[in-house]
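Here is how the chains run, residue by residue.
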Amino acid sequence: MQSLSTFCSKGASLPASSMDSHSLRRRRKKSSSHDSPPGSSSSSSCSRQSSISSGLRGLRRQSPSWRSRIFASGVKLGFFEQTRVPSGKYFSLALALDQEQLGSGHVERLPMFDGEEDENEHEKKTVLSEKERVDVRALSSSLKDAKTADDVEDLFKNMDDLPLPVYSSMIRGFGADKRLDPAFAVVEWLKRKSKETHSSLSPNLFIYNSLLSAVKLTRRFDKVDEVIKDMKEQGIVPNIVTYNTLMSLYLEQGQHEEALSVLADIENNGLSPSPVTYSTILLAYKKMNDAYGALGYFAKLREKYQKGEVGKDSSEEWESEFVKLKKFTIHICYLVMRQWLVNEENPAPNVLKLLTVMDEAQVKPGRADYERLVWACTRESHYTVARELYNRIRDMGSDISLSVCNHVIWLMGKAKKWWAALEIYEDLLDKGPKPNNLSYELIVSHFNILLTAARRKGIWRWGVRLLNKMQDKGLRPGSREWNAVLVACSKAAETSAAVQIFTRMVEQGEKPTILSYGALLSALEKGKLYDEALRVWEHMCKVGVKPNLYAYTILASVYIGKGSPEMVDSILREMRSMGIEPNVVTFNAIITGCAKNSMGGAAFEWFHRMKVQNIKPNEITYEMLIEALARDGKPRLAYDMYLRACNEGLQLSSKAYDAVLESCESYGINMDLNALGPRPSEKQKSTMIRRNLSDFCNFASLPRRGRPFDGKEIHTSQGHE
């Protein structure tokens, strides 16, 4: 594509009678302030048509066959319209390159289009309606298949000359209709007409700019060099619209760097860039996905603007145009960040860095842009970006959408940042907007995850605090939440805490389930409160809660601990009558109770009953049996059970090995200790609660250090942590 920087000014055919763009802008403002509401299509149409209708009202035609009004609705008058950038919402941009050059004296003398009248000439309505006019739509339709200047001559040979803007409009209309041949045919006919008749009807700058626009609309980029060469031969000096169109042509072809280089040609030729020029440059950065380039360019432009170096010789409303350029720069950065969030695996560093650079450049997005970016955060790796965007919206002091808050709460949960999600829910309660059912369901689901982790790890204190936190925030715990804390207390053998939590659960109106009773029975059994456990069992059966395998197993342990092993048989019979078969866990619990109460003979008897019922023992079975036999003074039997377990491929603990050795030594029994094999490795002993608490804090993103646990917290909610 040829450059326009070498154009010769000799013979330039710029119109002699021209009006400045400021006067035309005033005319546009005046014509747009009448009947049609601002922003409506009829208002903008009237504005455009009024500004071009003042000069040719007195134009008459000799041929009566052309008596009709001039219509432009069938012709795409690109230079009378403003189009939007591809982003669709800010201002006339690259496509506004199609606007007609301001300053032509012909523009004022054009007749009106679409039959609209100039409001300043309303009193001449009767006279205007009698004027003889040309149907431009019919002319364009007649020329749509024209290929050469001869085809155009056949149509216009019996007509008077028309104003050049009419031909310019027709050329643009052909471009919009994707018909480039008739556009070139009209230009060739104008050139021939000028040479043959020596008339003023010759292609000028506006005609060639219209032709370039038609080339762009038809995407016939191979014709650009031909148009530029023809302009040089005709001595036509390009203006800023010509360069803007060239930049747009480069962008259409994906030649972004070449489009940016046109700016140097503009400056070298002494032309002042227009707002369309600057916006087209930003559009080039947008197509390159170069947010940093757009920010840097806008920062330089803003510096020039503040120094008065931009727009000083122009009638453009630069204050409003500059705001639009700033919005467009923000929009470019938004699109780039959104693309990162959608396409990259870990976009957080890039997004956070760009937000920081935008802050330094004092080009900050608005709430709407931040919220749209929040919606683009959908993966776990996006949680830092979502949290940063959420904080920025809050810091702006403006309202925030509840749906956006719910989305952030959901994303924090997906990224396992449940405590951060709770903080956002607290903001909803303290700052608004008021949470809805979805907010409630999301935060309760996060609490359930935390409570489940606390239950699994036996961190009962955190379970209690989580319950209190839920109630402090107006969230009513259900049976699932209460049971999670009860199980955590049972695992930690915190009998008193389990009783208090069970009491609170009932007081809060939550009906205990079999899991609730099972956890409470287990805690009481571990605390050796056997009579209390039996009373709880009786109450459970009285209120109609049917026991399950776990509850029956605990009850068997209670009777063993209470010293009533004869009751265990009746429990097993009751289980079978209820259709519940005892399993290895049930027998392990019975054998464990016998071991704790030094009932080695009873433990060995239950072991044989277990084998009779075809229930395969596991490591726990043998370990507890060996411990019971060793305590009961049966070292040989303990020795045999250890060998039997090893022969079955079970890996017993060092505790069982030591129990066999100590029992043999205590009773002076000589055994082949080599047959036992090497002593099993010692299991690492650590403070389980401390390790679990550390794991839980890491899991829930909680600080490891906090205030000491207050026993009163078990009884009631104690405010914020």
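It should be emphasised that the depicted structure is a prediction, and the values quoted were computed from it without experimental measurement.

Criteria and cut-off values
Residue numbers run consecutively from 1 along every chain, following the written order of its sequence. With the structure being a predicted model, the display of local features is reserved for residues of pLDDT at least 70 and the display and counting of side-chain atom pairs for 80 or more, all residues being used for whole-chain, interface and lining totals. The side-chain figures draw on all heavy atoms in the structure; neither hydrogens nor water molecules are used. Going along the chain from the N terminus, every DSSP run of H or I of four or more residues is numbered as a helix, and every run of E of two or more is numbered as a strand. By the convention used here, residues are in contact when the closest approach between their heavy atoms is within 4.5 Å. What counts as an axis is a line fitted to C-alpha atoms, over the stretch in contact for a helix, and the angles between N-to-C directions run from 0 to 180 degrees. Angles below 35 degrees are treated as roughly parallel, those above 145 as roughly antiparallel, those between 65 and 115 as roughly perpendicular, and all remaining angles as oblique. Two helices cross in a left-handed way if the nearer one is turned anticlockwise from the farther one by less than a right angle. They cross in a right-handed way if the turn is clockwise. Classification used: nonpolar for Ala, Val, Leu, Ile, Met, Phe, Trp, Tyr, Cys and Pro, charged for Asp, Glu, Lys and Arg, polar for all others including Gly. UniProt positions are given in the numbering used here, feature names are shortened, and annotations may be inferred rather than shown by experiment. A pair of aromatic rings is counted whenever rings of Phe, Tyr or Trp (Trp by its six-membered ring) have centres within 6.5 Å, and the orientation is called stacked for planes under 30 degrees apart, edge-to-face for over 60 and tilted otherwise. Buried residues are those whose accessible area, probed at 1.4 Å on protein chains only, stays under 20% of the maximum for their type, while exposed residues exceed 50% and partly exposed ones sit between those limits. Any Lys NZ or Arg CZ found within 6 Å of a ring centre and within 35 degrees of that ring's normal is scored as a charge over the ring. Definition used for salt bridges: Asp or Glu carboxyl oxygen within 4 Å of a side-chain nitrogen of Lys or Arg.

A few words on the overall build of the protein chain. Per the secondary structure count, the protein chain includes 34 helices and zero strands. Residue pairs at least 24 apart in sequence account for 72% of intrachain contacts in the protein chain once pairs closer than 6 positions are excluded.

Quick look at the packing of helix 23 (residues 479-491) against helix 24 (residues 495-507) now. Contact geometry of helix 23 with helix 24 gives a least axis separation of 9 Å together with a crossing angle of 170°. Our classification of the angle between helix 23 and helix 24 gives roughly antiparallel. Where helix 23 crosses over helix 24, the handedness of that crossing is left-handed. Residues Ser479, Trp482, Asn483, Val485, Leu486 and Cys489 of helix 23 lie in contact with helix 24, whose contacting residues are Ala497, Ala498, Ile501, Phe502, Arg504 and Met505. Taken together, the residues that form the contact of helix 23 with helix 24 break down as nine nonpolar, two polar and one charged.

Here, UniProt's "repeat: PPR" (unreviewed entry) annotation points to residues 204-238, 239-273, 478-512, 513-547, 548-582, 583-617 and 618-652. In the segment residues 478-512, helix accounts for 74% and strand for 0%; the C-alpha atoms at its two ends are 10 Å apart. With 74% helix and 0% strand, the stretch residues 548-582 has end C-alpha atoms that lie 10 Å from each other.

A full pass over the atoms with the stated rule returns 15 aromatic pairs. Taking 4.5 Å as the distance between ring centres and 10° as the angle between the ring planes, the aromatic pair formed by Tyr305 and Phe322 counts as stacked. Here the residue Tyr305 occupies a position in helix 14 (residues 291-306), and Phe322 occupies one in helix 15 (residues 318-343), the gap between them amounting to 17 residues. Overall, Tyr305 belongs to the partly exposed group, its relative accessible area being 25%. Ring geometry for Phe604 against Phe607: centres 6.4 Å apart, planes inclined by 20°, an arrangement best described as stacked. Placement of both Phe604 and Phe607 in helix 30 (residues 600-612) is noted, with a separation of three residues, approximately one turn of the helix. The same class applies to Phe604 and to Phe607, which are both buried. Members of the aromatic cluster, connected to one another through ring pairs, are Tyr278, Tyr285, Tyr297 and Trp318. In this arrangement the basic side chain of Lys223 is found over the ring face of Phe184, its NZ or CZ atom lying 5.3 Å from the centre. Seen from the ring of Tyr334, Arg372 lies directly overhead, with NZ or CZ sitting 5.0 Å from the centre.

The peptide bond linking Gly432 to Pro433 adopts the cis configuration, its omega dihedral lying at -5°. Here Pro433 shows up in the loop between helix 20 (418-431) and helix 21 (437-457). For Arg219, which is not glycine, the phi torsion reads 60° and is therefore positive. By the secondary structure assignment, Arg219 is in the loop between helix 9 (205-218) and helix 10 (224-234). Unusually for a residue other than glycine, Lys528 sits at a positive phi of about 60°.

Packing of helix 32 (residues 635-647) against helix 33 (residues 654-666) leaves a shortest axis separation of 9 Å and a crossing angle of 150°. Taken together, the axes of helix 32 and helix 33 lie roughly antiparallel to each other. Crossing geometry of helix 32 relative to helix 33 is assigned as left-handed. Where helix 32 approaches helix 33, its residues Pro635, Ala638, Tyr639 and Tyr642 are matched on the opposing element by Ala656, Tyr657, Val660, Ser663 and Cys664. When its residues are assigned to classes, the contact of helix 32 with helix 33 shows eight nonpolar, one polar and no charged.

By the definition in use, this model includes 28 salt bridges. The salt bridge partner of Arg192 is Asp150, with a shortest N-O separation of 2.7 Å. Taken together, the positions of Arg192 in helix 8 (residues 180-197) and Asp150 in helix 6 (residues 149-156) put the pair 42 residues apart, joining distant regions of the chain. Residue Arg192 is classed as partly exposed on the basis of its relative accessible area of 28%.

Within the secondary structure, Met540 is located in helix 26 (residues 530-542). Take Met540: its relative accessible area is 0%, and that puts it in the buried class. For the pair Met540 and Thr513, spaced 27 residues apart in sequence, the C-alpha to C-alpha distance is 9.2 Å. Setting aside its immediate chain neighbours within four residues, Met540 contacts Ile514, Tyr517, Val545 and Pro547.

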